[in-house]
Amino acid sequence: MHTGRYIGVMSGTSLDGIDVVLAAIDQNIVALQASYCHPMPLEIRRQILSINQGQSVTLSQIGQLDTRLGRLFSDAILALMAREGLTRRDIVAIGCHGQTVWHEPQGDAPFSMQLGDNNTVATRTGVTVVGDFRRRDMALGGQGAPLVPAFHRALLTHPNERRVILNIGGIANVSLLSPGEVVRGFDTGPGNILMDAWIWHHHQRPYDKDGQWASSGQIDTALLDAMLADPWFQRPVPKSTGREYFNYGWIENKLADCGPIAAENVQATLLALTAISITDLIKQQGEWDRLLVCGGGGHNNVLMQQISARVPAIQVALTDEVGISSDDMEALAFSWLAYRTVSGLPGNLPAVTGAKDFTVLGAIYPANPLDGR
Ligand SMILES: Nc1ncnc2c1ncn2[C@@H]1O[C@H](COP(=O)(O)OP(=O)(O)OP(=O)(O)O)[C@@H](O)[C@H]1O
Ligand SMILES: CC(=O)N[C@H]1[C@@H]2OC[C@@H](O2)[C@@H](O)[C@@H]1O[C@H](C)C(=O)O
């Protein structure tokens, strides 16, 4: 086992910043030592959004964005290393998820594309990088997502408590941890992504702080029903999704059949959609004692209240209560997945992704021994 200090880097579907963590890892003991959120420049965010929402782009634009993101992730990592007084020799490896620009797990030729050139990251940091985590699972017939349930299983399984771990990022996903049972997990659909898109369109604010705007509106039941009737919600698990499906255009399509609705009522309805799509799926999948929430949506009090109200028999709390920072969960997971890969251990869960088998995930970009001579 390659025990030691790892860095995890995650830039998720919300495009709100690059999360970087430093973790000391020994098998399934993962101790968070530092974390940092590096800003996402507006121009890079705009370029990612244009690819992710299906606007036409050239191969040159994709290639340049790959290089720019590789530099940006390096800057984020080097900033954390400087703050913590670390040199490259202090770190075993960096797990760098990359920026998902398209995720298409269905169809004849499924794929998932993350940008952020890992050769650039390895060269600029002088540290071994593990990246491209999703495609090995897809090559085995899996969705390539969600991957974090394996980390939840390793760290958050309880001997006699039936737990759901819920990440509310841009997209929401769950891990279902029942003692003695195989772990399941899947994306439940939109987390914050639609609420963020709607408030950006109307008020140019990146998100609806604490659900304040949503709570000034009323749920529109016709719109809610139209949204919940979307076939994605009825799809069987395993399933995963992204911004290429749930985006501003998706809201406009649903609105087209419902006539004019006040903007704050649409926001209230989008918040309800997130709460209902999450809790309906959780309830369908069995009985649970505790729901532990991570990701930015855990800061949205109105959303948390609606979720709690819909699962009255389940205790709801943030993962911080059981010792894992809810804001750092995903970046921590990628530090641990890097540890698994360099140790030659599998990282996926076939029962979650639908892959034919367990596999070591990702590609290793070794630190160059000639660097820094
Ligand atoms: N105080 C708050 N009130 C409401 N929403 C909030 C608050 N703080 C964060 N958020 C929401 O959380 C989002 C960021 O969440 P997070 O960083 O978990 O997403 P992500 O990791 O990019 O997404 P994913 O998990 O899908 O990859 C913001 O875009 C915002 O919508
Ligand atoms: C393709 C992709 O990047 N998917 C993300 C996204 O964000 C949340 C959800 O959709 C999840 O499936 C996944 O991320 C986490 C880190 C995962 O793989 O578990």
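Further up the page is the structure itself.
Bear in mind that the values here come from a model prediction, so they are computed numbers and not experimental data.

Cut-offs used in this document
Residues numbered from 1 in each chain as written. Chains lettered and ligands numbered in written order. Predicted model: local features only at pLDDT ≥ 70, side-chain atom pairs only at ≥ 80, totals over all residues. Heavy atoms only, no water. Near = heavy atom within 4 Å. Polar contact = N/O pair within 3.5 Å; in protein donor to acceptor, adjacent residues only side chain to side chain. Areas by Shrake-Rupley, 256 points an atom, 1.4 Å probe, with all protein chains shown as cover. Nonpolar A, V, L, I, M, F, W, Y, C, P; charged D, E, K, R; others polar. Helix = DSSP H or I, 4+ residues; strand = E, 2+ residues; numbered from the N terminus. Buried < 20%, exposed > 50% of the residue type's maximum accessible area, 1.4 Å probe, protein only.

K.L.:
Can you break down the site of ligand 1 residue by residue, with the values?
P.N.:
Neighbouring ligand 1 are 21 residues; Thr 13, Asp 196, Asp 210, Gly 296 and Glu 330 lie closest to it. Contacts to ligand 1 include Thr 13, whose side-chain N or O atom sits 2.5 Å from an oxygen atom. Between ligand 1 and Asn 167 there is a distance of 3.0 Å, counted from an oxygen atom to a side-chain nitrogen or oxygen. Considered on its own, ligand 1 offers 660 Å² of accessible surface; in the complex 89% of this is hidden by protein. Partitioning the shell around ligand 1 into residue classes produces three nonpolar, twelve polar and six charged.

K.L.:
Help me get a handle on unusual backbone geometry, residues and values and all.
P.N.:
Put simply, Ala 145 and Pro 146 share a cis peptide bond, and its omega is -10°. Within the secondary structure, Pro 146 is located in the loop between α4 (135-139) and α5 (148-156). At the junction of Val 237 and Pro 238, the peptide bond is cis and its omega measures out at 0° in the coordinates. For Pro 238, the location among the structural elements is in the loop between α9 (231-234) and α10 (248-256). Here Asp 132, not a glycine, exhibits a phi torsion of approximately 55°, which is positive. Along the chain, Asp 132 falls in the loop between β6 (129-131) and α4. For Asp 132, a relative accessible area of 24% corresponds to the partly exposed category.

Function cannot be read off these values alone, since they describe shape.
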